Every structure is written in structure tokens, then in C-alpha cells.
Amino acid sequence: MRLRYVCLLFCIFFVGYMKAGNTKISPDSLMSVMKRVADWQIADYPRHLHKWTHTPVMWTNGVMYIGMAEWASLWKDDSYFEWLKKIAAKERWHPAKGMYFADDICVSQLYCQLYEKYKDPVMLQPTEARLEWVMNHPSKAELTYESPHSHDRWCWCDALFMAPTVYARMGKITGDIRYWNFMEKEFWETVELLYDRKENLFYRDTRYLSMREKNGAPVFWGRGNGWVAGALAVIIDQLPENYPTRLKYITLYQQLMKRVAGLQDDEGYWHASMLDTETYRMPETSSTAFFVYGLAWGIRRGYLPEKKYFPIMEKGWSALVRAVHPDGKLGWVQAIGSDPQRVSADMTEVYGTGAFLLAGTEIYRMVMEK
């Protein structure tokens with residue numbers, strides 16, 4: 001009789017926990033760990049600026065700024081926004097040099113975010129000029145990765161986070177549908193080439209279409225698929241409800257996240273290789289953060305059923321928090337690359353911080369809406 005009573009109490013508690021969904025994630029804990037990570041990153045920021053891969057307008061920092069701007073919108077004052085604005089103003093609101101190269105326009109996402117807060121047209125002028133030129137002189141290069149001038153187009157899956165998101169944001173800010181229409185054509189050509197509809201995962205670029213991991217599985221890079229998950233969240237948010245192909249983006253997002261959710265490990269992480277976790281047993285937090293962001297984003301907007309996906313998201317966020325060092329440094333972030341590589345607990349990168357802050361802010365908004 002006593003055993004039945006204990007079992008009944010456990011069942012009541014478990015059902016209540018599943019319905020509450022967010023009992024392990026509090027607003028205070030979210031704010032605390034995000035502030036620690038953000039402050040560590042700001043203090044560490046000058047250390048890398050002498051490297052060409054980490055100049056203020058490079059994609060590496062650009063991704064960090066995007067997450068930092070989302071975090072800034074939660075903080076009680078404008079100190080984080082002012083830090084970002086100071087960097088952008090020093091660069092005179094210019095993207096990096098490459099006219100076509102997707103990575104070089106990534107920083108313009110920050111300029112769009114700052115414009116939405118401060119409404120200063122100067123913040124967008126260089127980006128508008130860059131996009132206008134590209135739309136008026138579209139590249140006709142082949143998307144095969146090693147073909148001539150292929151990088152003038154979005155021929156690698158990372159590019160889907162770097163450039164289409166800027167066109168999407170500019171479309172929403174200006175109401176000029178040309179931005180969305182240009183993005184539409186280029187985005188789906190890349191998807192048709194790199195999306196494996198059997199596996200529901202993205203190859204990094206055409207070099208990987210026939211490559212295999214040690215276990216014989218196709219090579220699907222963790223962060224590469226994370227870039228796409230993050231891109232879809234940003235793009236769908238910018239498109240109007242009546243945009244003709246908005247549902248197509250949502251369907252792709254749902255297919256990708258369903259597959260991704262099933263590849264989370266027992267500890268809550270995803271790995272550098274999506275399908276060969278024996279070779280790459282170590283966790284990888286930049287991909288994990290983008291996937292947690294993608295899951296939280298979809299749950300909050302009703303594109304993913306909360307009952308199924310909240311526990312996966314929650315487990316992933318807990319894993320990310322465990323990867324944060326006491327001083328706020330996010331560990332287990334794979335270095336710059338294009339394929340699965342080994343990672344250690346001490347490895348970090350600015351784009352990992354950006355993805356972490358995107359995930360945390362989206363979860364915070366979800367929790368506050370409960």
C-alpha cells in the first residue's frame with residue numbers, strides 16, 4: 001500500500017514537471033550565466049584583434065555581436081549596446097571588403113540590430129550600398145565549391161547564416177521585397193545542392209557529398225548544420241506572414257530540427273560530427289548552442305511541440321551551462337574549420353559565445369512568457 005502511494009506521488013510530480021516544462025530553468029539563473037559569459041567575452045575581445053580572422057568586421061566577431069545584441073536587449077541598461085555601437089561606429093558601419101563573399105557581410109546583422117534600437121539611417125547606408133550593388137550585379141558562378149569564383153555565391157552551408165540573414169533583416173526594416181526575393185533564389189539553390197533529403201542534414205559544401213567518416217557514415221558537420229538552424233530562425237522571423245514561400249522555410253526548419261533532436265547525446269550535447277560520435281566523442285558547444293537556440297525558437301513560436309522538444313532543449317541548455325568555466329569562458333568550442341575536428345574543454349571562440357547568448361536569450365524570453 002505504501003509503495004503504491006509513493007508511486008502515485010512520483011507520477012503526480014513527474015506529470016507536473018513535464019507540464020511546467022521550465023522548472024529547472026529560472027530567469028535569475030539564465031541572466032547570471034549569460035552575464036558571466038558576456039562579460040568574459042568582452043574582457044577577452046581585444047586579445048584576438050591582431051589576427052585577420054578576428055578583425056572587428058570579420059564573421060567570427062560578427063556572430064558574437066549578434067548574440068551580444070540579443071543579450072543587450074535583456075539587460076537593465078544600455079551598457080552592452082553602447083559597447084557594440086562603439087565598435088560599429090569605429091568601423092564607420094562598413095562590412096568587410098568582399099563584395100560577394102558571404103562571410104564579409106555577416107557583421108551587417110549587428111548594424112541592422114543597432115538600427116532597430118537607435119533608428120539612425122547612417123548605420124545602414126554602407127550595407128544598403130553593398131546589397132544594392134550585389135543585387136544589380138548578381139554572380140553567375142557555379143555553386144560547386146572548387147569551381148572558379150564559387151565563393152561569390154553561397155556555396156557552403158555556413159554562408160546561409162552569414163548573408164541571407166542580412167537580406168532578410170534589410171527586407172523587414174525597409175519593406176523592400178527585392179531583398180527577400182534575391183535571398184529566396186540564392187538560398188534555395190544552395191539548399192537544393194547541399195541538403196540531403198534522406199538524412200535531413202546539410203553537407204558543408206560539395207567536397208563532402210561523397211566523403212565518409214571512419215564508420216562509413218556521410219560527413220555532416222555539427223556546426224555546419226548549426227549555422228543553418230540559426231539562419232532559418234532569423235530568416236523566418238523577418239519574413240511577413242503572407243510571404244509566398246514562408247511555409248517552405250518553416251517546413252525545412254522542422255525537418256532539420258526533428259533530425260537534429262534525435263542526435264543529441266546522453267549528456268545533452270551534440271558533436272563535431274553528427275553521425276560519427278565514436279570518432280568525435282568530445283562535446284562541441286558551438287553546434288550545441290545553435291541547436292538549443294533553434295529548438296527554443298521553434299518551441300516559443302509553436303513550430304515545434306513543447307511536450308516533445310522542451311526536454312531536449314532543456315537538457316542541451318544544462319549541458320552548455322556545464323561547459324562554462326568559472327570565469328565565464330565557454331569551453332568545448334571547435335576552432336575555425338569546415339569539417340569535424342577534435343575539441344578540448346579549454347578551446348573557445350567568439351562565435352561560440354554568440355551562439356550561447358542567442359540560445360540563452362531565447363530561452364529567457366520563453367520562460368518569461370510562461
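Computed from a predicted structure; not experimentally measured.

Asker: I would appreciate a short explanation of the pattern of salt bridges in the present structure.
Answerer: Charged atoms that come close allow side chains of opposite charge to pair. Per the counting criterion, the structure on display carries 25 salt bridges. Of the charged contacts in the structure, one is a salt bridge between Asp39 and Lys35, with a shortest N-O distance of 2.5 Å. With Asp39 and Lys35 both in helix α2 (residues 27-44), this residue pair falls four residues apart, about one helical turn. Exposure remark for Lys35: the relative accessible area of 28% places this residue in the partly exposed category.

Asker: Explanation requested: empty space enclosed by the protein in the structure shown.
Answerer: A probe as big as a water molecule, rolled over the atoms, marks out the empty space that is left. Following the criterion strictly, the structure yields two cavities of 30 Å³ or more and no others. The volume enclosed by the largest cavity comes to roughly 150 Å³. Residue lining of the largest cavity: 18 residues in total, with Tyr100, Val134, Asp152, Trp154 and Tyr167 positioned closest to the centre. Those elements giving two or more residues to the lining of the largest cavity turn out to be α6 (125-136) and α9 (177-194).

Asker: What am I meant to see in unusual backbone geometry here?
Answerer: With the exception of glycine, the majority of residues adopt a negative phi angle, and the majority of peptide bonds are in the trans configuration. In the Ramachandran plot, Trp93 falls in the positive-phi region, its phi being about 65° despite a non-glycine side chain. One can find Trp93 in the loop between α4 (79-90) and α5 (108-118). Trp93 gets classed as buried once you look at its relative accessible area, which sits at 9%. Positive phi outside glycine occurs at His149, with the angle close to 60°. Tracing the backbone shows His149 in the loop between α6 and α7 (159-162).

Asker: Help me understand the layout of surface pockets in this model?
Answerer: Size it by volume and the largest pocket reaches roughly 400 Å³. If you go around the largest pocket, you meet 20 residues; those closest to its centre are Glu70, Glu116, Arg169, Gln238 and Arg365. Only α3 (59-72), α5, α8 (164-174), α10 (222-238), α12 (285-301) and α14 (350-369) provide two or more residues apiece to the lining of the largest pocket. The greatest single-element share of the lining of the largest pocket, amounting to four residues, is contributed by α14. For the lining of the largest pocket, the per-class residue count stands at seven nonpolar, four polar and nine charged. One number sums up the size of the second largest pocket: a volume of about 210 Å³. Taken together, 16 residues make up the lining of the second largest pocket; nearest its centre are Trp59, Phe101, Asp103, Arg204 and Ile336. Residues that form the lining of the second largest pocket fall into these classes: nine nonpolar, four polar and three charged.

Asker: Is there a simple way to think about the side chain of Thr288 in this case?
Answerer: Tracing the backbone shows Thr288 in helix α12. Residue classification places Thr288 among the buried residues on the basis of a relative accessible area of 0%. Among all residues touching Thr288, those that are not within four sequence positions of it are Gly268, Tyr269, Trp270, Gly316 and Leu320.

Asker: What am I meant to see in the packing of aromatic side chains here?
Answerer: For any two aromatic rings, the description comes down to two numbers: the centre-to-centre distance and the angle of the planes. Summed over the entire model, instances satisfying the criterion amount to 28 aromatic pairs. When the ring of Tyr167 is compared with that of Phe182, the centres are 5.0 Å apart and the planes differ by 25°; the resulting orientation is stacked. Residue Tyr167 is found in helix α8, and its partner Phe182 is found in helix α9; the two are separated by 15 residues along the sequence. On the basis of relative accessibility, which here comes to 4%, the residue Tyr167 falls in the buried class. With relative accessibility at 15%, the residue Phe182 sits in the buried group. An aromatic cluster of at least three residues, connected via ring pairs, comprises Trp59, Phe161, Trp227, Phe290 and Tyr351.

Asker: Got a minute to help me understand the nonpolar core in this structure?
Answerer: Among soluble globular proteins, nonpolar side chains are generally buried collectively. Core analysis: the largest hydrophobic core is formed by 132 residues, its most contacted members being Trp71, Phe187, Phe202, Met313, Trp317 and Phe356. The biggest single contributor to this core is α14, with 11 residues. Other than its neighbours up to four places away in sequence, Phe202 contacts Cys157, Leu160, Val191, Leu194, Tyr195, Phe220, Asn225, Val228, Leu252 and Leu256.

Asker: What exactly am I supposed to notice about the confidence of the model for the protein chain here?
Answerer: A low pLDDT means the predicted coordinates there should not be read in detail. Across the protein chain, pLDDT averages 94, with 94% of residues at or above 70. Note on residues 1-23: pLDDT under 50 across the span, and 10 contacts to partners over four residues away in sequence or across chains.

Asker: Where do I start with the environment of Ser29 in this structure?
Answerer: Summarising the element assignment, Ser29 is placed in helix α2. For Ser29 and Tyr364, which are 335 residues apart along the polypeptide, the C-alpha to C-alpha distance reads 9.6 Å. Within the structure, the side chain of Ser29 is placed 2.9 Å from the backbone oxygen of Ser26, a separation counted as a polar contact.

Asker: Help me understand helix α13 (residues 306-322), please; the structure alone is not making it clear to me.
Answerer: For α13, spanning 17 residues, the distance from its first C-alpha to its last is 23 Å, which sits close to the expected 24 Å at 1.5 Å a residue. Of all the positions in α13, only Tyr309, Phe310, Ile312, Met313, Glu314, Gly316, Trp317, Ala319 and Leu320 are classed as buried.

Asker: Help me out: how do you make sense of the packing of α6 against α9 in this one?
Answerer: How two helices sit against one another is set out by the angle between their axes and by the gap between those axes. Two elements in contact, α6 and α9, have axes whose closest approach is 11 Å; the angle formed by their N-to-C orientations is 55°. In terms of orientation, α6 lies oblique with respect to α9. In the packing of α6 onto α9, the handedness of the crossing is left-handed. From α6, Glu128, Leu131, Glu132, Val134 and Met135 reach across to α9, where they touch Arg178, Tyr179 and Phe182. Its residues placed into classes, the contact of α6 with α9 shows five nonpolar, no polar and three charged.

Rules used throughout
- Residues numbered from 1 in each chain as written.
- Predicted model: local features only at pLDDT ≥ 70, side-chain atom pairs only at ≥ 80, totals over all residues.
- Heavy atoms only, no water.
- Salt bridge = Lys/Arg side-chain N within 4 Å of Asp/Glu carboxyl O.
- Helix = DSSP H or I, 4+ residues; strand = E, 2+ residues; numbered from the N terminus.
- Buried < 20%, exposed > 50% of the residue type's maximum accessible area, 1.4 Å probe, protein only.
- 1 Å grid on protein atoms, 1.4 Å probe; cavity = no way out; pocket = protein on both sides within 12 Å on 5 of 7 lines; lining within 4 Å.
- Points joined across faces, edges and corners; volume = space filled by probe spheres on them.
- Nonpolar A, V, L, I, M, F, W, Y, C, P; charged D, E, K, R; others polar.
- Contact = heavy atoms within 4.5 Å.
- Phe/Tyr/Trp six-rings, centres within 6.5 Å; stacked < 30°, edge-to-face > 60°.
- Core = buried A, V, L, I, M, F, W, Y, C linked by side-chain atoms within 4.5 Å.
- pLDDT = per-residue confidence, 0-100.
- Polar contact = N/O pair within 3.5 Å; in protein donor to acceptor, adjacent residues only side chain to side chain.
- Expected span 1.5 Å × (residues − 1).
- Axes fitted to C-alpha atoms, helices over the stretch in contact; angles between N-to-C directions.
- Parallel < 35°, antiparallel > 145°, perpendicular 65-115°, else oblique.
- Left-handed = near helix turned anticlockwise from the far one by under 90°.

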